[in-house]
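Working through the structure, step by step
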Amino acid sequence: MQIIVQKFGGTSVATSELIKNVARRVVQTKEKGYDVVVVVSARGHTTDELLELAESVSPHPPERELDMLLATGEQVSIALLAMAIHELGYQVVSFTGYQAGIYTDKAHTKARILRVEPDRILRELKAGKIVVVAGFQGVTEDLEITTLGRGGSDTTAVALAAALKAQICEIYTDVDGVYTADPRVVEKPLKLDFVSYEEMLELASLGALVLQPRAVEFAKHYQVPLHVRSSFNQHEGTRVEEATKMEEYRLVSGIAHDLNVAKIGLFNVPDRPGIAKQIFKALADEHINVDMIIQSWMRDGRNDISFTVTRNDLHKALPVVERVANEIGASGVAYNDRVAKVSIVGAGMVTNPGVAAAMFEALADEGINIEMISTSEIKISCVIAEDQAIKAVRALHAKFFEQQS
Ligand code: ADP
Ligand code: ASP
Ligand code: MG
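Time to look at the overall build of the protein. A count of helical and extended segments in the protein gives 11 helices and 18 strands. For the protein, the spread of C-alpha atoms along the three principal axes comes to 75 × 55 × 35 Å. A total of 405 residues make up the protein; the buried ones form 52% of that total. Look at the contacts in the protein between residues 6 or more apart in sequence, and 75% of them connect residues 24 or more apart. About 18,900 Å² of surface is accessible on the protein, with carbon and sulfur atoms providing 51% of the total. One finds the centroid of the 42 positive side-chain charges in the protein at a distance of 3 Å from the centroid of its 54 negative side-chain charges.

Have a look at this one:
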């Protein structure tokens, strides 16, 4: 029998009524003759509330214990959803990440899935049951509970879909699909019918939280077709698939913004081989992801180097950078955690040199100062002041999507 993996996010299971709604949708798919594996997130704002709870006890808790706490959110959801499905008269079993065979590395709070052992899920499907799996969590080889980073239930779903060779992975959320910008920010965003894995990966990595970037990476690698759609209606959503299947390239597909950004600068860094390695290896050793590295023109054998990290990692990154700055003889370290990143993404921009200029023009027209720029073949990102981010997204959306004649 064909397998379908369906993932329901936090807002889709926020209340008992909504959980019953999800149960009905799952059962409809089962009735169509599919084996169904359902992945659920913690209800509503549970994960945020658990984070606040942790912080009220300890400002920077041990990450192992944080994972122990955060994983409970999803466990509540799986049990309740299984009860609701049972209530509809169907056979069902719920599994934690461990029971579902999801093994990760040891990077607590942002663990990566290393492998999935789906035997137990397959056995239960074969026995005719619907299987409900807790998103966002796994275990290490030593059976320590880990979580996969915010939005990680998407990745659980795609990893399971790949391991089970599912026909499709459906991501049910609180919007109708992937839009040209965050519908919470832009008044009239356009829904995309299709988006390529590459574009979606950029959009997600650059802050479009509708899918976790790692989920898109997995989907591309294992060629899992994704369908992002609403759990509240039957509208066709957005299909995420290989670019070759799409009819045409768009110049710009979407605008993304990310407020979870901090900028760090090292001043008067000696200009010699091995220095960049020393800085960024020290950060990598602490599992701190670095983005947008800028090294300026050398003066008197010295350079300034600046880069961005996620704001959550700033408190971990600063002591590391200060230590390395001392070791290499840099004159100082500064940081700014009130910055944001705005980006435009589109497979068509690689062949169109005017796109960057249009982006800078849109920002300039709003009097927005650009602090850092980085480009790739299919994206351009600018770091700007955080309090200008929303204005910037709206200006860019107007420029690229609202002025077409
Ligand atoms: P879930 O709990 O279902 O995983 P998320 O909050 O993680 O839902 O993701 C859905 C949200 O992503 C939407 O409510 C929307 O505000 C936000 N979002 C940001 N950028 C986009 C985009 N380009 N298209 C659609 N949604 C987006
Ligand atoms: N509950 C987790 C979060 O809020 C995982 C998820 O929703 O995908 O980030
Ligand atoms: Mg999400």
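Having seen the model, we can carry on.
By size, the foremost hydrophobic cluster in this structure holds 46 residues, and its most contacted members are Val5, Val37, Ile121, Val133, Leu160, Cys169 and Met200. Residue contacts for Leu160: discarding those within four places in its chain leaves Val5, Val37, Val39, Ile102, Val116, Ile121 and Val133.

One pass over the structure, following the stated rule, counts 3 aromatic pairs. Taking 5.6 Å as the distance between ring centres and 25 degrees as the angle between the ring planes, the aromatic pair formed by Phe218 and Tyr222 counts as stacked. Separated by 4 residues within a single helix, Phe218 and Tyr222 lie in helix α7 (residues 213-222), roughly one turn from each other. Take Phe218: its relative accessible area is 10%, and that puts it in the buried class. Centroid distance Phe280 to Phe307: 5.1 Å. Interplanar angle 75 degrees. Geometry classified as edge-to-face. Residue Phe280 is found in helix α8 (residues 275-285), and its partner Phe307 is found in strand β15 (residues 302-310); the two are separated by 27 residues along the sequence. On the basis of relative accessibility, which here comes to 17%, the residue Phe280 falls in the buried class. The buried category is assigned to Phe307, whose relative accessible area is 0%. Directly above the aromatic system of Tyr103 lies the positively charged group of Arg115, at a separation of 4.3 Å from the ring centroid.

This part is about the packing of α8 against helix α9 (residues 314-328). Where α8 meets α9, the axes come as close as 9 Å, and the angle between the chain directions of the two elements is 155 degrees. Taken together, the axes of α8 and α9 are roughly antiparallel relative to one another. Of the two possible hands of crossing, α8 and α9 adopt the one that is right-handed. Along its contact with α8, which presents Ile275, Gln278, Ile279, Ala282 and Leu283, the element α9 presents Ala317, Val320, Val321, Arg323, Val324, Glu327 and Ile328.

Now for the environment of Phe400. With respect to the helices, strands and loops of the structure, Phe400 is situated in helix α11 (residues 389-401). For Phe400, a relative accessible area of 10% corresponds to the buried category.

The next thing to look at is the site of ligand 1. The immediate surroundings of ligand 1 are formed by 17 residues, with Thr173, Asp174, Tyr179, Asp182 and Arg184 found nearest. Between ligand 1 and Lys7, the relevant distance is 3.0 Å, taken from an oxygen atom to a side-chain nitrogen or oxygen of the residue. A distance of 3.1 Å separates an oxygen atom of ligand 1 from a polar backbone atom of Gly10. Summarising the interface, the protein chains cover 88% of the accessible area of ligand 1, which totals 580 Å² for the free molecule. Grouping the constituent residues of the shell around ligand 1 by class yields 9 nonpolar, 4 polar and 4 charged.

What follows covers the packing of helix α10 (residues 354-365) against α11. As a packed pair, α10 and α11 sit with axes 9 Å apart at the nearest point and diverge in direction by 130 degrees. Classified by the angle between their axes, α10 and α11 sit oblique to one another. The crossing of α10 and α11 is right-handed. Contacts between α10 and α11 involve Val355, Ala358, Met359, Glu361, Ala362 and Leu363 from the former and Ala392, Ala395, Leu396, Lys399 and Phe400 from the latter. Considered class by class, the residues forming the contact of α10 with α11 number 9 nonpolar, no polar and 2 charged.

Procedures and definitions
Residues numbered from 1 in each chain as written. Chains lettered and ligands numbered in written order. Predicted model: local features only at pLDDT ≥ 70, side-chain atom pairs only at ≥ 80, totals over all residues. Heavy atoms only, no water. Helix = DSSP H or I, 4+ residues; strand = E, 2+ residues; numbered from the N terminus. Buried < 20%, exposed > 50% of the residue type's maximum accessible area, 1.4 Å probe, protein only. Contact = heavy atoms within 4.5 Å. Areas by Shrake-Rupley, 256 points an atom, 1.4 Å probe, with all protein chains shown as cover. Lys, Arg positive; Asp, Glu negative; His and termini not counted. Charge placed at Lys NZ, Arg CZ, Asp CG, Glu CD. Core = buried A, V, L, I, M, F, W, Y, C linked by side-chain atoms within 4.5 Å. Phe/Tyr/Trp six-rings, centres within 6.5 Å; stacked < 30°, edge-to-face > 60°. Lys NZ or Arg CZ within 6 Å of the ring centre and 35° of its normal. Axes fitted to C-alpha atoms, helices over the stretch in contact; angles between N-to-C directions. Parallel < 35°, antiparallel > 145°, perpendicular 65-115°, else oblique. Left-handed = near helix turned anticlockwise from the far one by under 90°. Near = heavy atom within 4 Å. Polar contact = N/O pair within 3.5 Å; in protein donor to acceptor, adjacent residues only side chain to side chain. Nonpolar A, V, L, I, M, F, W, Y, C, P; charged D, E, K, R; others polar.

From the geometry alone we can't say anything about function, so treat these as descriptive.
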